[in-house]
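The residues making up each chain are set out below.
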Amino acid sequence: MIKKILIILLVMGVFPAMAQKKMVSGTVTDSEDGTTLSGVSVVVQGTTVGALTDSEGMYKIMAGSDDVLTFSFIGMKSQNVEVGNSSTLNISMLSDASQLDAIVVTALGIKREEKTLTYAQQTVSSEELVRTRDPNFMNSLSGKAAGVEIKKSSSGAGGSTKVVLRGNKSLSGDSSPLFVIDGIPMANNRGSQPGMWGGTDGGDGLSAINPEDIESISVLRGSNAAVLYGSQGANGVVLITTKSGASGKATVTLNSGFTNEEIIELPELQYKYGAIGNAKESWSTTEGSYDDSFVEDFFETGHSMYNALTISGGTDKTKAYFSYANTKASGITPNNDYVKNNFSFKQSTKLLNDKITVSSNVILALEKTENRLPAGYYLNPLTGLYMFPRDRDFADYKENYQTFNADRNLYQQNWFVSDHHQSNPYWILNNQPKTNDSKRVIASMSVAYNILDNLTFQVRGNYDYANKLFEQQHAATSNSTNVHPNGAWDYNKYDDQLAYADAILTYNTDLTQDLSLNAVVGSSYQKTIYGEGVNVATGTVGLLYPNEFYFQNLPTNVQVSSTTNGTIVKQGLFANLQFGLKEYLFLDLSGRNDWASTLALTGNDSYFYPSVGLTGIVSEMFQMPSFVTFGKLRASYTQVGNEVPFNRIFPQNTINAGGGVVRNTVKPFFNAKPEIITSLEFGADWRFFHNRLGLDLTYYDITSKDQFIPVPTVSGEGGYTTEFINDGEISNKGIEFTLSATPYRTNDFEWVTAFNFTRNRNLIVDIGPDDEKIIQLGSSEGFESKLVEGGRFNDIYVLKFQRDDQGRILFDGGKPLRTATTELIGNLDPKWSLGWNNNFSYKRLTMGILVNGKFGGKVFSQTESMLDGAGVSLRTAEARDAGGVEVNGVDIATDAEITSVDPETWYRAIGDRNGIGEAYVYDRTNIRVGQLNLGYSFDMTKVKLPVKAASLSFIGNNLFFLYKKAPFDPELAMSTNQNAQGLDNFNLPSTRTYGLNLKLTF
């Protein structure tokens, strides 16, 4: 009955809209080759009614005669077609070349079509960088770009980050890339770094940047891409492009986020066996009921709050962008706090009928960190915390970390033992406070004049200034190994300055109908003054009066030192010519000549280096199968010179604390030459199925020669004991590829995925005239990281077990024997690295997940060795429970087999200080969920609020491990310089962060 009524109503025209609907069908094809397209989205414009073409390219959809159908597909131009009277609409879609002609930022901030590049580069958008909001934005890049090795400091918020592109390339220098903001170099000096004996991470320049201000990051992985920056770009360049204002009504964005930080894992400790008598180790064999919570209770849940405001707007003539951001964080240890305030203002104005564009940018960052925890043996609360004898009452030392000494009229440390590497953890936290304070401003200005439509002249200037302070006060009665009975004072205040200017002329023209020219000619000037300030470290010399930390209280034999890391001036002339033939073959020629002040007096302070690259768009040259959307092959060859570090050529005498002259013993290096880095690179960029699948593959071969190597002088003439020579060779060869895809896409759902694969092989080909020479990079007791000929950067050397031909451990007197010297056991570098990034969207819901993996490589833990020696590790308790440690050994005196060893005898022999490091080397392989975000965008059209857009996201970093062998996080760096790589020595444990972020747009 109801069906009949509906039919009558339709005939009578009661529901005219329904009466006009009809079934529309058809086939969608590619206009170039006529092949059918599956997965094309067909939507009735202005509605949510839609359909997808099937495997035959066919679709069916209900639509009215007045409706408009929108056809859209990745890699094709969208089309709007009126339905009209027809019930059949066959559509032929055109390729969207604009999706293949993406514009990217290259060296000096020059924009180029991505397809014309002759070298590897990868761009990460701001959206990817801020998805999970790490305080140091470079940590967010891990796994999202191939060829990038990132190690995060274990020191917490505001800590430094170690970044290496395509392996280490210098025996005595740094292999960090150059960081650039809007085409202009920035200073990224790292502060002091911890080592085996202690120390605290001093942070770096990257943490001063507000991630909210970043538009994108382009990674130029090789010197081929960075040759125009000269020697400072020899290790690659990380280009940071900041956001600019947009014309139109002002847009205001508010971002507010809150995250928690908690420990992923602690060392596996035992709480059932205490000490014997008053010993400081827990080697009792009698079980007890002891507190098993004091270690976990020492750590806190950290919190971080991020609030940011951005304002963007302007007219066709003037555009402006302003932002303010505040970050507050408390760490996982008591009294550890971090505060950062960022201000930025960027504007551009067009003058004289748009012939002249004047732009300026000011970035201000104020950072302060209180009580960043150290690493290493000394003055580290974790040593006393972890090794505290289990039968004692830790709560008593926590509440009474200090007692009053009436004789000295001061509070003194309360601890159960006087030990060179143990202190009361709460004494350190409360009575040995440390502060890192940084104030930084980066100001730049540029003027661009369009002389002709295709000829532009630009002048830019930049000043980067940072004032930094590090101070630690050590109260009287702190650990006597490092601190005088009256206390000690560490004070370091210094400035970093970088002034940069360049002038660039760009010219674009068509030389003939088929031949184009893109030319860049310019010059640059840069002056850096790093580390200029004052330093005091009283150590065990002490203070005149206890606990008074100022200059007037210094003894006369404590030196107040003027510090400097040097003044360096670099000048350069550069040129780049790119010839394009029929928009499918591009020849890139570059050259630069530098003048470096650090090579003055050598006659080699002027040096030239070239680069040549060739790119062919194969898909434009030849008829490709229908599934090939784009195909490109490229090759490039580059040589880059690298000047010697400051104060190598003519080092001077110094003055000691007593006013005496300390004679320089390094011979002048008047015949120094610049280091030469030669790079050869081949690559391919192919995209398939209308850009739904892409492969970018790169092979590179990098050779670094004429290293700066210190050697003993032959004659000792003039009192010199050391001299430098140009020698040595380092090789890095590797493969990088990125596989990107959109595996599934419907009207409501889309999945975008990308794999980033990296494999680098480093080899020290030559280390100089002395084949037996060793360059130490860092050592701990039983561990060394050193460079030897035929070896690799980050080789790990440890003391090993002595074994017989059958592989049995040799024993003497019931104790295992160790090698006399350290021996190679592996290398820190992974065999290969993989980042798998996924982004899903369903209507207003989005989700992103990043999985990072390192496969192969070795790491070493001094922490585990010390815990075993002290009898506080879980494995020592399990060995006591089992009645011994099972071994495969033999006694050298009696030739008797040894299958079990007393736990204390075994672990005191292999653990503690100078133990047998072989037992504490672990596989670096690990797979983790590095980032996770889940967001929802609200429909603000249904809410009567002055808000254009609103979204709420769950964010998480380093959430959990999918696979890991080491008993600690092998990706955390104790030090972010060249020293102590792969070493865990009472580092802070690894943490995860998770929370919520709210974004509002007005």
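The structure displayed is predicted, hence computed values, not measured ones.

1. Let's talk about the overall build of the chain
- Tallying secondary structure elements over the chain gives 12 helices and 55 strands in all.
- The C-alpha radius of gyration of the chain comes to 32 Å, within 12% of the 30 Å expected for a compact globule of 1002 residues.
- Each of the three principal axes of the chain carries a C-alpha extent, and together these read 105 × 85 × 65 Å.
- Across the 1002 residues in the chain, those meeting the buried criterion constitute 54%.
- In the chain, of all internal contacts separated by at least 6 residues, the share reaching a separation of at least 24 is 69%.
- Summed over its atoms, the accessible surface of the chain is roughly 42,300 Å², and 55% of this surface lies on carbon and sulfur atoms.
- Each charge class in the chain was averaged separately, 85 positive and 106 negative side chains, and the resulting centres sit 6 Å apart.

2. Details of the pattern of salt bridges
- As enumerated under the stated definition, the model contains 41 salt bridges in all.
- Residue arginine 166 pairs with glutamate 681 through a salt bridge whose shortest N-O separation is 2.9 Å. Residue arginine 166 is found in the loop between strand S12 (161-165) and strand S13 (178-181), and its partner glutamate 681 is found in strand S35 (residues 675-688); the two are separated by 515 residues along the sequence. As far as the burial class goes, arginine 166 and glutamate 681 line up, both buried.

3. So, helix H11 (residues 874-882)
- Those residues of H11 not exposed but buried are Thr876, Ala877, Ala879 and Arg880. Buried residues of H11, viewed axially, fall in a sector of 160°; they line one side.
- Packing partners of the buried residues in H11 comprise helix H10 (862-869), strand S48 (885-891) and helix H12 (903-910).
- A positive phi of about 85° marks glycine 883, the residue just after H11.

4. Quick word on the sheet that holds strand S44 (residues 823-827)
- On the basis of which strands lie adjacent, the open sheet formed by four strands has the order S39-S40-S41-S44 and antiparallel pairing. Here the strands that pair on one side only, and so sit at the sheet edges, are strand S39 (775-780) and S44. Neighbouring strand axes in the sheet, compared pairwise and without regard to direction, differ in orientation by 30° on average.

5. Some points on the sheet that holds strand S11 (residues 148-153)
- The strand order across the open sheet formed by three strands is S12-S11-S53, and the pairing between neighbours is mixed. Whereas interior strands pair on both sides, the edge strands pair on one side only; in this sheet they are S12 and strand S53 (972-973).
- Pairing geometry for S11 and S53, over two bridges, is parallel. The residue of S53 that forms the bridge with lysine 152 is leucine 972.

6. Focus: H12
- Every buried residue of H12 is listed here: Pro903, Trp906, Tyr907 and Ile910. Down the axis of H12, the buried set is contained in an arc of 85°. They therefore lie on one face.
- Of the surrounding elements, those touching the buried residues of H12 are strand S42 (809-812), strand S43 (815-816), H10, H11, S48 and strand S49 (897-901).
- You can read the cap of H12 off the contacts: a side-chain oxygen lies 3.3 Å from the backbone nitrogen of glutamate 904, and it is on aspartate 902.

7. Quick notes on the side chain of serine 312
- Structurally, serine 312 is set in strand S18 (residues 302-314).
- Exposure remark for serine 312: the relative accessible area of 16% places this residue in the buried category.
- Here alanine 246 takes part through its backbone nitrogen, which lies 3.1 Å from a polar atom of the side chain of serine 312.
- Excluding anything up to four places from it in sequence, serine 312 contacts Ser244, Gly245, Ala246, Lys249, Ala250, Thr251, Ala320 and Tyr321.

8. Examining the packing of aromatic side chains
- Tallied over the full model, the rule gives 39 aromatic pairs.
- For the pair tyrosine 491 and phenylalanine 551, a centre-to-centre distance of 5.5 Å together with 80° between the ring planes defines the contact as edge-to-face. With tyrosine 491 in strand S26 (residues 488-510) and phenylalanine 551 in the loop between strand S27 (515-537) and strand S28 (561-563), this residue pair connects regions lying 60 residues apart in the sequence.
- Tyrosine 491 sits in the buried class, given a relative accessible area of 14%.
- An aromatic cluster of three or more residues is present, and its members are Tyr271, Phe294, Phe298, Phe299, Phe388, Phe394, Tyr397, Trp415, Phe416 and Tyr426.
- The ring of tyrosine 797 has lysine 786 sitting right over it, with the charged end atom 4.5 Å from the ring centre.

9. Some thoughts on the environment of aspartate 727
- Among the structural elements, aspartate 727 can be located in strand S37 (residues 722-745).
- We classify aspartate 727 as partly exposed; its relative accessible area is 23%.
- Between the C-alpha atom of aspartate 727 and that of alanine 657, which follows or precedes it by 70 residues, the distance is 36 Å.

10. Comments concerning the pairing of strand S29 (residues 566-581)
- Note that S27 and S29 share 16 bridges and pair antiparallel. Counted as the bridge partner of valine 520 is asparagine 576 from S29.
- Here S29 pairs with strand S30 (residues 585-596) via 12 bridges, running antiparallel. If you follow glycine 572 over to S30, its bridge partner there is aspartate 594.

11. Regarding the environment of asparagine 888
- Checked against the element boundaries, asparagine 888 lands in strand S48.
- Asparagine 888 gets classed as partly exposed once you look at its relative accessible area, which sits at 47%.
- When the C-alpha atoms of asparagine 888 and arginine 908 are compared, they prove to be 18 Å apart, with 20 residues separating the residues in sequence.

12. Considerations on the environment of valine 644
- By secondary structure assignment, the location of valine 644 is in the loop between strand S32 (628-642) and strand S33 (654-655).
- With a relative accessible area of 2%, valine 644 lands in the buried category.
- With 48 residues separating them along the chain, valine 644 and alanine 596 place their C-alpha atoms 8.9 Å apart.
- When sequence neighbours within four positions are dropped, the list of residues in contact with valine 644 reads Thr598, Leu599, Ile649, Phe669, Ala672, Lys673 and Phe708.

13. Description of unusual backbone geometry
- Positive phi, close to 55°, is recorded for histidine 690, a residue that is not glycine.
- When you line up the elements, histidine 690 lands in the loop between S35 and strand S36 (693-712).
- For histidine 690, a relative accessible area of 9% translates into the label buried.
- In the Ramachandran plot, asparagine 794 falls in the positive-phi region, its phi being about 70° despite a non-glycine side chain.
- If you trace the backbone, asparagine 794 turns up in the loop between strand S40 (783-787) and strand S41 (795-798).
- Residue classification places asparagine 794 among the buried positions, given a relative accessible area of 8%.

14. What about the confidence of the model for the chain?
- Mean pLDDT over the chain: 89, with 97% of residues reaching 70 or higher.
- Scored below 50 in pLDDT, residues 1-19 makes six contacts in the model with residues more than four places away or belonging to other chains.

15. Examining the side chain of glutamine 193
- By the secondary structure assignment, glutamine 193 is in the loop between strand S14 (184-185) and strand S15 (214-220).
- At 3.5 Å, the side chain of glutamine 193 and the side chain of serine 160 are in polar contact.
- Within the structure, the side chain of glutamine 193 is placed 2.8 Å from the side chain of aspartate 201, a separation counted as a polar contact.
- When sequence neighbours within four positions are dropped, the list of residues in contact with glutamine 193 reads Ser160, Thr200, Asp201, Gly202, Ser975, Thr976 and Asn977.

Reading guide: rules and limits
Residues numbered from 1 in each chain as written. Predicted model: local features only at pLDDT ≥ 70, side-chain atom pairs only at ≥ 80, totals over all residues. Heavy atoms only, no water. Helix = DSSP H or I, 4+ residues; strand = E, 2+ residues; numbered from the N terminus. Rg over C-alpha atoms; globule rule 2.2 N^0.38 Å. Buried < 20%, exposed > 50% of the residue type's maximum accessible area, 1.4 Å probe, protein only. Contact = heavy atoms within 4.5 Å. Areas by Shrake-Rupley, 256 points an atom, 1.4 Å probe, with all protein chains shown as cover. Lys, Arg positive; Asp, Glu negative; His and termini not counted. Charge placed at Lys NZ, Arg CZ, Asp CG, Glu CD. Salt bridge = Lys/Arg side-chain N within 4 Å of Asp/Glu carboxyl O. Arc of directions from axis to C-beta. Pairing = 2+ DSSP bridges. Axes fitted to C-alpha atoms, helices over the stretch in contact; angles between N-to-C directions. Polar contact = N/O pair within 3.5 Å; in protein donor to acceptor, adjacent residues only side chain to side chain. Phe/Tyr/Trp six-rings, centres within 6.5 Å; stacked < 30°, edge-to-face > 60°. Lys NZ or Arg CZ within 6 Å of the ring centre and 35° of its normal. pLDDT = per-residue confidence, 0-100.

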